[in-house]
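Per-entry structural report
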Amino acid sequence: MDNLQRRTIQEDVVQYKLFWIQTDSSTSQQTEEHLTHLVEEVLAKVASLLIQYIWQHQSFNLKYHPEKAGVPAHIGGSTQFGDNVEDEWFVVYLLQQITEAFPELIAKVEDNDGEFLLIEAADYLPKWLSPDTSENRVFLYRGELHILPCPSKSSPVGVSKDVVPSVEQATSMLSTHSGASLASPKIRSALKKRLEGYPEKIKADLHHAHCFIPSAIAMVLSQRPDLVAPAVSAFYLRDPVDLQACRSFKTFPPDTRVLTSVTFTRCLYAQLQQQQFTPDRRSGFTLPPHTHPQYKSHELGMKLAHGFEILCCKCRLPSSEPDAPVSCNPQWKGFVDSLKANGYFREELEGSAHYRELARSAENFFKQSVASKSSALSPGEEVLQLLHSCGPINLEELKKQEAQLPQEDSDSWLDITNQDLERMLQERSVGRADVGSQHSSSTKRGTQNVGGAEEGRKEAEDDQDEEEAGYSLVAVSQGMKNFLNAMSSHEGAELPWSSSTEPFSLEPDSMAKALDRLLGSNEEELDSDDLDDDDEDGEEGDEEEELEGHADMNGTETLDGLRKYMDEMDQELMSTNIGQSFNLTKYNKVDLDTGSPHSSASLHGGERGEEEEIQPLDVDLNLVTNLLESLSCQSGLAGPASNLLQSLGIHLPPNSDPS
């Protein structure tokens, strides 16, 4: 019932809430005033990061939310990140910085997958923590990840896993027992690794490209670089109705095109670059031949112009009445003071060119995120408003700036080779798998940053021979044995390197010996101490000894019956062709005398009087042969064999034999 009552979150949307730890009792009006003031302070604190960021769909936003449905009053918002999942993780980074700078705030973030922060640390979570037991338990507090624990013998602090704590209970426990709720070092390290690189990653994710675009678009992007995102999305999600407006470009005529540098995110650039599109002949856009050195600039500019035209054709013309200046807003003065206190203007002299540029960016950010609006403008209306408010465009001046454009970035990061993909997969699994330790050279290369794929590609080519020499078929066989000997629960198979606690208190050695007895072994192993454990304590009663002896006798009889049954099956299968599909072990009397592993794997009736002796199977050889045949049949695609080996941390080279 609790799962049905949970409010669902829209797909590709991240929702975040910031709760205030109240040290004293406050009225609802005082709480609202304090939280509203906190919105301005928080946004001013992270303004230097938000101003330079280009969002895919929606920007980070905060507003006051009154108490409702058991959730106390808080500040929060939601951001639609669309195809760019980095927007979601940038929101997490912002919340981490906010809770570190404002210790009185506790952040909660989730998306349609629920507590997605736990997904990054899935290998290190405690057994009791699952999607059904994680509600209102995962928070960011003082810049660290906290998980409300379950009470145990060592620590009574916590909430039972069968109980969903309220938000008030959770925030109260975090403030009073922050040490007990702090997530384990491995869980926190997994989250920090995902957020590694910020804030420098903001600029690293940008891509600068030269584009031939109409002069009006160049003017708009010079003032609002973030408007490139809705334009790319409009072109990327276009339909035949949208393209009807692009037959005649009324807002952005193509004869005013100039060459300028446009800033994209890597996601936006990839969406625009990979789209195959031919413009309508009536549009006026013509492309040079593919061999032309500036063909890519013409093509990108043509696509971007279509996106802006689609945006504006859906909007009405802006009102002729000019908007009130930002300085008239009573919140503006307090916002500027917060910016100065946080060092946003970087000690620039007031009135200088760089100061005016920073102030203009702050005004745009204030209009979008801080100032309350009765009706928010759509991106197309914002573009038309900018065109309406600016003066005449100096086309000659824009053409003169073409010779001073900075060099555009290389888009070689779009091309990913097989080696790059393997390196990325190894980077994801390098912290989990201990099975493939013999592939240390490959693993070290896997920890390199994906952004350095160009440099790593040369290294992979130079060390290809050494890498292939590191592969071992013994690791395949040993990995499968470790997987079969690993303990599992009713929730499914667990990988051998799982760091979680075992759900059952069974001894792996005893379990492995029991499996050996079930599969068949020599007489010495069958008569081992595991079947007839002597009572070493000497303190148990005669009744318990009698019960144990009876259980041992039943176990021995069961194993003898199973061994006899398997012998009869072997004799029956000898008359069929099934044995020809397996590889047999070539052994002789010497093997039996020396007690080699192959001889111990022989069938249980070794001293038979039959004329034809049953040859034992080479289990390792059959296992590796079948796995390699399965990999070959997959033709490089995903399949059961490759997925199993990958989960075990075993990496095999691609099949180089076409036969």
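This section reports on the structure supplied with the text. Counting restarts for each chain, with residues numbered from 1 along the sequence as it is written. pLDDT decides what is reported in this predicted model: residues at 70 or higher carry local features, side-chain atom pairs at 80 or more are listed and counted, and totals for whole chains, interfaces and linings draw on all residues regardless. Side-chain metrics in this entry use all non-hydrogen atoms of the structure; hydrogen atoms and water are not considered.

Of all 6 residues in strand β4 (residues 105–110), 6 are buried; the element is thus mostly enclosed. Think of it in three bands: residues with accessible area under 20% of the maximum for their type are buried, residues over 50% are exposed, and the middle band is partly exposed, with areas taken using a 1.4 Å probe on protein chains only. Secondary structure elements follow DSSP: runs of H or I of four or more residues count as helices, runs of E of two or more count as strands, with numbering from the N terminus. Residue alternation in β4 divides its side chains into two sets, Leu105, Ala107 and Val109 and Ile106, Lys108 and Glu110, and both sets are buried. Note on pairing: two strands pair once DSSP finds at least 2 bridges between them. Relative to β4, strand β1 (residues 13–20) runs antiparallel, the two being bridged by 6 bridges. What sits directly across from Gln15, in β4, is Glu110.

The subject of this paragraph is the packing of helix α14 (residues 295–313) against helix α17 (residues 379–389). The N-to-C vectors of α14 and α17 enclose an angle of 95 degrees; their axes lie 7 Å apart at closest approach. One element, α14, and the other, α17, form an angle in the roughly perpendicular class. Two secondary-structure elements touch here, α14 through Phe308, Leu311 and Cys312 and α17 through Pro379, Gly380, Val383 and Leu384. Under the scheme applied, nonpolar residues are Ala, Val, Leu, Ile, Met, Phe, Trp, Tyr, Cys and Pro; charged residues are Asp, Glu, Lys and Arg; polar residues are all the others, including Gly. Of the residues in the contact of α14 with α17, the class split is 6 nonpolar, 1 polar and no charged. Comment: axis = line fitted to C-alpha atoms, over the contacting stretch for helices; angle = value between 0 and 180 degrees taken between N-to-C directions. What sets the label is the angle itself: under 35 degrees gives roughly parallel, over 145 gives roughly antiparallel, 65 to 115 gives roughly perpendicular, and the rest give oblique. For this analysis, residues touch if any pair of their heavy atoms sits within 4.5 Å.

Spatially, 6 strands are ordered β2-β3-β1-β4-β5-β6 in an open sheet, and the strand pairing comes out antiparallel. The open sheet terminates on both sides in strands that have one partner only, identified here as β2 (63–65) and β6 (144–147). Put simply, the sheet's adjacent strands are angled 35 degrees from each other on average, direction ignored. Two strands pair when backbone bridges link them, and β2 and strand β3 (residues 74–80) are joined in this way by 3 bridges, in the antiparallel orientation.

Glancing now at the pattern of salt bridges. For this document, the term salt bridge refers to a Lys or Arg side-chain nitrogen within 4 Å of an Asp or Glu carboxyl oxygen. A complete count under the given rule lists 12 salt bridges for this structure. The residue Lys108 makes a salt bridge to Glu115 at a minimum N-O spacing of 2.9 Å. For the pair formed by Lys108 and Glu115, the shared burial category is buried. Each of Glu86, Arg194 and Lys201 takes part in one network of salt bridges that share partners.

Where burial is concerned, the two faces of strand β5 (residues 138–141) agree: the one with Val138 and Leu140 and the one with Phe139 and Tyr141 are both buried. Summarising the sheet, β4 and β5 pair through 2 bridges and their orientation is antiparallel. In the sheet register, Ile106 faces β5, and the bridge partner there is Tyr141. Counted between consecutive antiparallel strands, the loop separating β5 from β6 contains 2 residues, among which Arg142 sits at a positive phi close to 55 degrees.

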